[in-house]
Structures are given as C-alpha cells and as structure tokens.
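Here are the chains, one letter per residue:
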Amino acid sequence: MSENKINMALQVLPQAEGKDSYALVDEAIKIIQDSGLTYQVCPFETVIEGKFDELMEVVKKVHQVLEKNGTKKLMTYIKLQTVFQEDVIIDDKMRKYK
C-alpha cells in the first residue's frame, strides 16, 4: 500500500446512558486534535489527513476512549479518499472556500 497521505471522514455516534452524546463526540475530537494530524471539524463529521495506518490508529483510540467514558453503543462511519500516486490534502479541496 502507498505511503501517501489520504483523507478520512470520521463520524461517531456514541450512546451512553446518562451521558451527553455531544460531550462524548468532544472526547473523540480531542483524540483527533492530539494526533498531530491535519484535520477539519465539520457539522456531521471530521475530516483527517494522514497515512492509512495513522488514520486507523486514530479510529482505534477513539473507540477505546469512548468505551472508557461510558459509551455502550457506537456507530462509526468512515469514508476514505485515496489517490495512490500522490497525497490527498484537505486544503487542496477547501482552499477556494476560505
């Protein structure tokens, strides 16, 4: 597999009795922030830029932290954009909207 950067859109929908789902989503976003990867928080998902293995490690950590924080059920939606011969950069797609 290529070592180029790809983009991943990550959406988590945690359910925990007596816990605010938005607070749990904030925990997931904190993991993304702490990853050091380039990211953009959007209304329904967060887009993250990195190598495939780095992105999958973020997904793993998000799952671990949400479970630790009381999540009983979790729906995770992932979309990947890969260009095998070059990096996929968030700013390349978003620059015209700034």
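- Under the UniProt heading Sequence similarities (unreviewed entry), the note attached to the chain is "Belongs to the UPF0045 family."

## Side note on the sheet that holds strand β3 (residues 46-50)
Stage number 1. The strand order across the open sheet formed by four strands is β2-β3-β1-β4, and the pairing between neighbours is antiparallel. The outermost strands of the open sheet, each flanked by one partner alone, are β2 (38-41) and β4 (73-81). Across the sheet, the axes of successive neighbouring strands diverge by a mean angle of 20°, strand direction being ignored.
Stage number 2. Sheet analysis places strand β1 (residues 6-15) next to β3, joined by five bridges and oriented antiparallel. Paired with A9 across the two strands is V47, which belongs to β3.

## Details of the nonpolar core
Stage number 1. Within the largest apolar cluster, 16 residues are counted, with the highest numbers of intra-cluster contacts made by M8, L10, V12, I48, L55, V58 and V62.
Stage number 2. Here the element with the most residues in this core is helix α2 (residues 52-68); it accounts for five residues.
Stage number 3. Excluding residues that lie within four positions of it along the chain, M8 makes contacts with T46, V47, I48, L55, M56, V59, I78, K79 and L80.

Analysis parameters
Residues numbered from 1 in each chain as written. Predicted model: local features only at pLDDT ≥ 70, side-chain atom pairs only at ≥ 80, totals over all residues. Heavy atoms only, no water. UniProt positions renumbered as here; feature names shortened; annotations may be inferred. Pairing = 2+ DSSP bridges. Helix = DSSP H or I, 4+ residues; strand = E, 2+ residues; numbered from the N terminus. Axes fitted to C-alpha atoms, helices over the stretch in contact; angles between N-to-C directions. Core = buried A, V, L, I, M, F, W, Y, C linked by side-chain atoms within 4.5 Å. Buried < 20%, exposed > 50% of the residue type's maximum accessible area, 1.4 Å probe, protein only. Contact = heavy atoms within 4.5 Å.

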